[in-house]
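Residue-level structural notes
Listed here are the chains, written in short residue letters.
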Amino acid sequence: QVQLVESGGGLVQAGGSLRLSCAASGRTFSGYAMGWFRQAPGKEREFVASITWSGGSTYYAGPLKGRFTISRDNAKNTVYLQMNSLKPEDTAVYYCAATPKGYMTPITPPWYDYWGQGTQVTVSS
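Described below are features of the structure shown in this document. (Residues numbered from 1 in each chain as written. Predicted model: local features only at pLDDT ≥ 70, side-chain atom pairs only at ≥ 80, totals over all residues. Heavy atoms only, no water.)

A look at the overall build of the protein
- The number of helices and strands found in the protein is zero helices and 11 strands.
- Listing each helix as α and each strand as β along the protein from the N terminus yields β-β-β-β-β-β-β-β-β-β-β.
- The C-alpha atoms of the protein give 13 Å as radius of gyration, which agrees with the globular expectation for 125 residues (14 Å, within 12%).
- Taking the principal axes of the C-alpha coordinates as reference, the protein spans close to 40 × 30 × 25 Å.
- Relative to its 125 residues, the protein shows a buried fraction of 44%. (Helix = DSSP H or I, 4+ residues; strand = E, 2+ residues; numbered from the N terminus. Rg over C-alpha atoms; globule rule 2.2 N^0.38 Å. Buried < 20%, exposed > 50% of the residue type's maximum accessible area, 1.4 Å probe, protein only.)

Structure below.
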């Protein structure tokens, strides 16, 4: 089992930045690939970014590339999502997820075995 806890969400003005954190506990975090997803009200959960177990490979949803950066610190069992130039349409609950397929960067939810409870990000215009 892997337990995931997100933090760092909040209210920010358009153009601002936030850094989300996802702290993992349980099984060996370093062997897991990690992903970030988000879900806005009335919409399906969508892929944001993913990262392999080593951090050597990342993948982003096309429209978010350049504004969002995923990273991880295996010594701290934590994965991060740096979000810059935030827009009102980035408003959503953000979730982190873990998969034992450590060499991959999956982009769909079924690939992930473990999920956090989510953290709310609200961007005001």
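Focus on the state of the cysteines
- The full count for this structure, using the stated rule, is one disulfide.
- Disulfide pairing is shown between Cys 22 and Cys 96; the S-S distance is 2.0 Å. Its S-S torsion of about 50° marks the bond between Cys 22 and Cys 96 as right-handed, since a negative value means left-handed. With Cys 22 in strand 3 (residues 18–26) and Cys 96 in strand 9 (residues 92–99), this residue pair connects regions lying 74 residues apart in the sequence.
- Assessed through its relative accessible area of 0%, Cys 22 is described here as buried.
- With a relative accessible area of 0%, Cys 96 lands in the buried category. (Disulfide = S-S within 2.5 Å.)

Overview of the nonpolar core
- By size, the foremost hydrophobic cluster in this structure holds 35 residues, and its most contacted members are Leu 4, Met 34, Trp 36, Leu 81, Met 83 and Tyr 94.
- Elements with a contribution of two residues or more to this core: strand 1 (2–7), strand 3, strand 4 (33–39), strand 5 (46–51), strand 7 (68–73), strand 8 (78–83), strand 9 and strand 11 (119–124).
- Of all the elements, strand 9 adds the most residues to this core, at five residues. (Core = buried A, V, L, I, M, F, W, Y, C linked by side-chain atoms within 4.5 Å.)

Description of the packing of aromatic side chains
- By the definition in use, this model includes seven aromatic pairs.
- Centre to centre, the rings of Phe 37 and Tyr 112 are 5.3 Å apart; their planes meet at 80°, and the pair counts as edge-to-face. Of this pair, Phe 37 sits in strand 4 while Tyr 112 sits in the loop between strand 9 and strand 10 (114–115), and the two are 75 residues apart along the sequence.
- Seen from their ring centres, Phe 47 and Tyr 59 are 6.1 Å apart, and the 35° between their planes marks the pair as tilted. One end of the pair, Phe 47, is in strand 5; the other, Tyr 59, is in strand 6 (residues 58–60), and 12 residues separate them in sequence.
- Residue Phe 47 is classed as buried on the basis of its relative accessible area, which comes to 12%.
- A relative accessible area of 43% means that Tyr 59 is categorised as partly exposed. (Phe/Tyr/Trp six-rings, centres within 6.5 Å; stacked < 30°, edge-to-face > 60°.)

These results come straight from atomic positions and should not be treated as a statement about function.
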